[in-house]
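As a plain string of letters, each chain reads:
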Amino acid sequence: MSPPPPPRAVILDLGNVLVFHDNALLFRRLGARAGLPQAEAERRIAGAGWTAANRGLLGAEGIRRDVCGALGVDLPADEFNTLWSSHFTVHEAVLPRVEQLVGRVKLVLLSNTNVLHAAYLKPRVPLLGRFDSLVLSCEVGLVKPEPAIYQEALRRAGCAPGEAAFFDDLPGFVEAANALGLRGRLFTTAEAFDEQLKALGL
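A. Examining the side chain of lysine 144 more closely. Counting through the fold element by element, lysine 144 comes out in the loop between helix H8 (137–140) and helix H9 (147–157). Looking at lysine 144, the relative accessible area reads 3%, which means it is buried. Within polar-contact distance, the side chain of lysine 144 engages the side chain of aspartate 13 at 2.9 Å. Discounting residues that sit within four places of it in the chain, lysine 144 has contacts with Asp13, Leu110, Ser111, Asn112, Ile149, Tyr150, Phe166, Asp168 and Phe173.

What follows is the structure in structure tokens.
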């Protein structure tokens, strides 16, 4: 039995794939500004509308208001926006590996994110400008692992589920993709990503 052909599309997550996000650092910095321990800041922020922000139901000011309200501190927008995105680091090792896919496959980003993080990261990862499409949860009103957001990514890629490879660092999101027929792979390291691409014929 011959192996399946290489995928026509590669769909990539953003967080902990193209950029690292250190949530503990975020909670620690916000907590320090509010005079709270890291664990208490995390507990409060977790209930402050993360999903609503990721669905695009909260804009920049709504995120600032909700998070500051949960922390009991009123930070100016400039200071808040800087803190809110201070936990990201670009995953430099993976970018050349993704760049070599440009023009060879349809390249689609599929990310649960909010308007502030998207605005912060786009200029810091110029490679995103070479993707065929960016499916951002805050723009489409859907979040992983909902089937509809994977289907939107496939629609933009113009391919059937079995023609697309999907990479994410969260097993539950990979499982949801596989359930729809995508060729889901768990992203771990840039080196492992190389081997996964080779195994897919890329």
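B. A look at the sheet that holds strand S6 (residues 164–168). Spatially, the 5 strands line up as an open sheet ordered S5-S4-S1-S6-S7, and their pairing is parallel. Each end of this open sheet is capped by a strand with a single partner; those strands are strand S5 (133–136) and strand S7 (183–186). On average, adjacent strands in this sheet sit at an angle of 20° to one another, irrespective of strand direction. Docked against the sheet, helix H10 (residues 171–179) engages S6 and S7, running at close to 165° with respect to S7.

C. Inspection of the layout of surface pockets at higher detail. There is about 510 Å³ of room inside the largest pocket. His21, Asn23, Trp50, Asn54 and Asn112 are, among the 24 residues lining the largest pocket, the residues nearest its centre. Of all the elements in the fold, those that place two or more residues in the lining of the largest pocket are strand S2 (19–21), helix H3 (50–54) and helix H7 (115–121). Among the elements that line the lining of the largest pocket, the one with the most residues is H3, at 3 residues. Here the residues of the lining of the largest pocket sort into 8 nonpolar, 12 polar and 4 charged.

Cut-offs applied
- Residues numbered from 1 in each chain as written.
- Predicted model: local features only at pLDDT ≥ 70, side-chain atom pairs only at ≥ 80, totals over all residues.
- Heavy atoms only, no water.
- Helix = DSSP H or I, 4+ residues; strand = E, 2+ residues; numbered from the N terminus.
- Buried < 20%, exposed > 50% of the residue type's maximum accessible area, 1.4 Å probe, protein only.
- Polar contact = N/O pair within 3.5 Å; in protein donor to acceptor, adjacent residues only side chain to side chain.
- Contact = heavy atoms within 4.5 Å.
- Pairing = 2+ DSSP bridges.
- Axes fitted to C-alpha atoms, helices over the stretch in contact; angles between N-to-C directions.
- 1 Å grid on protein atoms, 1.4 Å probe; cavity = no way out; pocket = protein on both sides within 12 Å on 5 of 7 lines; lining within 4 Å.
- Points joined across faces, edges and corners; volume = space filled by probe spheres on them.
- Nonpolar A, V, L, I, M, F, W, Y, C, P; charged D, E, K, R; others polar.

Keep in mind that these numbers describe shape and distance, not what the molecule does.
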